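So you can see what is in the structure, the chains are spelled out below.
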Amino acid sequence: ASESKHRTVSGGILNVKLETLPKPQYPRAALMVKAEGPVNVEVEIDEFGDVVSAEAISGHPLLRAAAVKAALEAKFEPVTLNGEIVRVRGVIVYNFTR
């Protein structure tokens, strides 16, 4: 197996490491059924602090797409580990309340 050029590390909950976190739009259908609560989005962040992938892993189904869309626009500070810039995989938590 070939080793990836860039290492990916686990960063846990990433909300505290954000530079910018766009607020998701509350979907109209979710408002109509009074859906609310947390949505966890697993993201992978590249060496420049950009989100390169996002997937909702928990939360109300009507809220997941909005959370993923917002997560894809989030920006992080690049992460270094032992002087090496690394990719990071972790979770952004969005809390939808009406």
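For the structure, check the block above.
The structure contained in this document is the topic of the report that follows. (Residues numbered from 1 in each chain as written. Predicted model: local features only at pLDDT ≥ 70, side-chain atom pairs only at ≥ 80, totals over all residues. Heavy atoms only, no water.)

With that settled, the discussion passes to unusual backbone geometry. Of note in this structure, Lys 34 is not a glycine but carries a positive phi near 60°. Its location among the elements puts Lys 34 in the loop between helix 1 (28-32) and strand 3 (37-45). Unusually for a residue other than glycine, Asn 82 sits at a positive phi of about 55°. On the secondary structure map, Asn 82 appears in the loop between strand 6 (79-81) and strand 7 (84-96). (Helix = DSSP H or I, 4+ residues; strand = E, 2+ residues; numbered from the N terminus.)

With that settled, the discussion passes to the side chain of Asp 46. As for its placement among the helices and strands, Asp 46 is situated in the loop between strand 3 and strand 4 (51-58). Here Asp 46 sits buried without a salt bridge, and the closest side chain of opposite charge, Arg 87, lies 5.3 Å off (N-O distance). Not counting chain neighbours up to four residues away, the residues in contact with Asp 46 comprise Val 52, Val 86 and Arg 87. (Buried < 20%, exposed > 50% of the residue type's maximum accessible area, 1.4 Å probe, protein only. Lys, Arg positive; Asp, Glu negative; His and termini not counted. Salt bridge = Lys/Arg side-chain N within 4 Å of Asp/Glu carboxyl O. Contact = heavy atoms within 4.5 Å.)

Turning our eyes to something else, we now look at the pairing of strand 3. Two strands pair when backbone bridges link them, and strand 3 and strand 7 are joined in this way by nine bridges, in the antiparallel orientation. Following the sheet pairing, Gly 37 is matched in strand 7 by Phe 96. Bridge analysis of strand 3 against strand 4 gives six bridges, and the strand direction is antiparallel. Paired with Glu 44 across the bridge in strand 4 is Ser 53. What sits between strand 3 and strand 4 in their antiparallel hairpin is a turn of five residues, with Gly 49 showing a positive phi close to 90°. (Pairing = 2+ DSSP bridges.)

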